[in-house]
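# Fold and geometry: a report
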Amino acid sequence: MGSALLTLATLAAGATTASAADKISIMVGGYEKQIYLPAKLAEALGYFKDEGLDVELLNEPAGVDAENEMLAGAVQGVVGFYDHCIDLQAKGKFVESVVQFSQAPGEVELVSSKHPEIKSPADFKGMSLGVTGLGSSTNFLTEYLAVKNGLKLGEFTSVPVGAGNTFIAAMQQDKIQAGMTTEPTITRLLKTGEAAVLIDMRTMEGTKAALGGTYPAASLYMQTEWVDAHKDTVQKLANAFVKTLKFINTHSGAEIAEKMPKDYYVGDQEGYVKALDAGKAMFTADGVMPQGGPETVLTVLSAFKKELQGKQIDLSKTYTTEFVKNVK
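All right, on to the overall build of the protein chain then. Across its full length, the protein chain holds 14 helices and ten strands. For the protein chain, the C-alpha radius of gyration of 19 Å lies close to 20 Å, the compact-globule estimate for 328 residues. Projected onto the principal axes, the alpha-carbon positions of the protein chain cover approximately 60 × 50 × 35 Å. Relative to its full complement of 328 residues, the protein chain shows a buried share of 59%. A fraction of 80% describes how many contacts in the protein chain between residues 6 or more apart in sequence connect residues 24 or more apart. Per element, the accessible surface of the protein chain, about 12800 Å² overall, is 52% carbon and sulfur.

As structure tokens, then:
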């Protein structure tokens, strides 16, 4: 299986002179989202090249589609939410987080200012709720918040609207009355007064209040079989990403924003920097899975996913700290 993946990677490389072993394609669940900042930042800082890696970052706005690309062998890794590793194990597929980027989701449930009657997730009954994609982590978290507040899964509708302009348009047109999104979309809607924060999971405190504990979210995850067959390459990726997390931890929002493509600011550099300063505490400093985090994620998913109820999930197989702990 590993050689087949490498053949695909080599084909994708086209005329590149990089050796097949070091050409890696990583699908990012929307690389302009601040929750997935380490992917583009590692590239911008030259950390992949420093490790001798030729990394191609591909953009896929919904995490669930990124996961499918990896399972199909089109890419070797995904920058997406750790919860997919648990969800996939329930379906008999072994995928693991090799670098844990964050310990909070960085997500906010926004309510349209047209719907002040929505004061808690208990008021989602009969509502259309925006998520990036069906089966995505925003979908998982939305369903959990609704179920936790006494609703049944059929009593509201999850509408896939992506993030950024498509999310904003859906709210403006009242196609969704509330929705879950990330920065910089959150700041854009709050600035215009078109939405208000219902549940804030950008901080550790807010996450613990909403979900009952630390919630490891953004990560680099890969198929376990591929990781085991390409340990040197995975170690180089871990080196690059841990260096990036250290950079985030030791630099201001303005310094980090300087390194990012200007179009990520969506015309509001000040708002982008402000959101980054407010939210960068969600990132881990070392890429290590936070203690107790996997248990919280399993508890959240088990609340509404029938596939997980009564199933024995081996959490130790959903992540590894082997590579991040070997970073010099």
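After that view of the structure, there is still more to cover.
Looking now at unusual backbone geometry. With an omega dihedral of 10°, the bond running from glutamate 183 to proline 184 counts as a cis peptide bond. With respect to the element layout, proline 184 can be found in the loop between β8 (178–181) and α8 (185–192). Positive phi, normally seen in glycine, also occurs at aspartate 174, with a value near 60°. The topology assignment puts aspartate 174 in the loop between α7 (165–172) and β8. One non-glycine residue, valine 266, lies in the positive phi region at around 45°. Along the chain, valine 266 falls in the loop between α12 (253–259) and α13 (269–279).

Time to look at the sheet that holds strand β3 (residues 77–81). The strand order across the open sheet formed by five strands is β2-β1-β3-β10-β4, and the pairing between neighbours is mixed. Edge positions in the sheet fall to β2 (54–59) and β4 (95–100), since each has one partner strand and no second. With direction set aside, neighbouring strand axes in the sheet form an average angle of 30°. Its contacts with the sheet put helix α5 (residues 83–90) on β3, β4 and β10 (218–223), and the angle it makes with β4 is roughly 170°.

Attention now moves to the sheet that holds strand β5 (residues 107–112). Sheet architecture is open: five strands sit in the order β7-β6-β8-β5-β9, paired in mixed fashion. Among the strands making up the open sheet, the edge pair consists of β7 (157–160) and β9 (195–201). The average undirected angle you get between the axes of adjacent strands in this sheet is 25°. Bridge analysis of β5 against β8 gives four bridges, and the strand direction is antiparallel. Note on β8: the bridge partner recorded for glutamate 109 is methionine 180.

Ranked by size, the top nonpolar core spans 83 residues in total, and within it Leu220 and Leu237 carry the most contacts. Once you skip the residues sitting within four places of it in the chain, leucine 237 turns out to touch Ile24, Ile26, Phe48, Leu53, Val55, Leu220 and Met222. Formed by eleven residues, the second largest nonpolar core is a distinct cluster that contains Val108, Leu110, Phe167 and Met171.

Among the residues of α8, those classed as buried are Thr185, Ile186, Thr187 and Leu189. On its buried face, α8 sits against β5, α7, β8, β9 and α13. Count one or two residues on from α8 and you reach glycine 193, which has phi positive near 75°.

Another aspect to go through is the pairing of strand β6 (residues 128–131). Going residue by residue along β6, you find Ser128 and Gly130 tucked away on one face and Leu129 and Val131 tucked away on the opposite face as well. When β6 meets β7, the two strands line up parallel, connected through four bridges. Within β7, the position partnered with serine 128 by the bridge is threonine 157. Each parallel crossover has a hand, and for β6 linked through helix α6 (residues 137–148) to β7 it is right-handed. Relative to β8, β6 runs parallel, the two being bridged by two bridges. What sits directly across from glycine 130, in β8, is glycine 179.

Our focus in this paragraph is the confidence of the model for the protein chain. Predicted confidence across the protein chain gives a mean pLDDT of 91, with 92% of residues reaching 70 or more. This stretch, residues 1–21, has a pLDDT under 50; its non-local contacts, to residues over four places away or in other chains, come to 22 contacts.

In this section: the environment of isoleucine 86. Here isoleucine 86 lies in helix α5. For isoleucine 86, a relative accessible area of 0% corresponds to the buried category. Along the chain, isoleucine 86 and leucine 315 lie 229 residues apart, while their C-alpha atoms are 7.3 Å from each other. In contact with isoleucine 86, not counting residues within four places along its chain, are Pro294, Val297, Leu298, Leu301, Leu308, Ile313, Leu315 and Thr318.

Here we take up the packing of α5 against helix α14 (residues 293–302). As a packed pair, α5 and α14 sit with axes 10 Å apart at the nearest point and diverge in direction by 60°. Relative to α14, the element α5 lies oblique. When you trace α5 past α14, the crossing you get is right-handed. Contacts between α5 and α14 involve Asp83, Ile86 and Asp87 on the former and, on the latter, Pro294, Val297, Leu298 and Leu301.

Criteria and thresholds
- Residues numbered from 1 in each chain as written.
- Predicted model: local features only at pLDDT ≥ 70, side-chain atom pairs only at ≥ 80, totals over all residues.
- Heavy atoms only, no water.
- Helix = DSSP H or I, 4+ residues; strand = E, 2+ residues; numbered from the N terminus.
- Rg over C-alpha atoms; globule rule 2.2 N^0.38 Å.
- Buried < 20%, exposed > 50% of the residue type's maximum accessible area, 1.4 Å probe, protein only.
- Contact = heavy atoms within 4.5 Å.
- Areas by Shrake-Rupley, 256 points an atom, 1.4 Å probe, with all protein chains shown as cover.
- Pairing = 2+ DSSP bridges.
- Axes fitted to C-alpha atoms, helices over the stretch in contact; angles between N-to-C directions.
- Core = buried A, V, L, I, M, F, W, Y, C linked by side-chain atoms within 4.5 Å.
- Right-handed = clockwise from strand over helix to strand, strands pointing away.
- pLDDT = per-residue confidence, 0-100.
- Parallel < 35°, antiparallel > 145°, perpendicular 65-115°, else oblique.
- Left-handed = near helix turned anticlockwise from the far one by under 90°.

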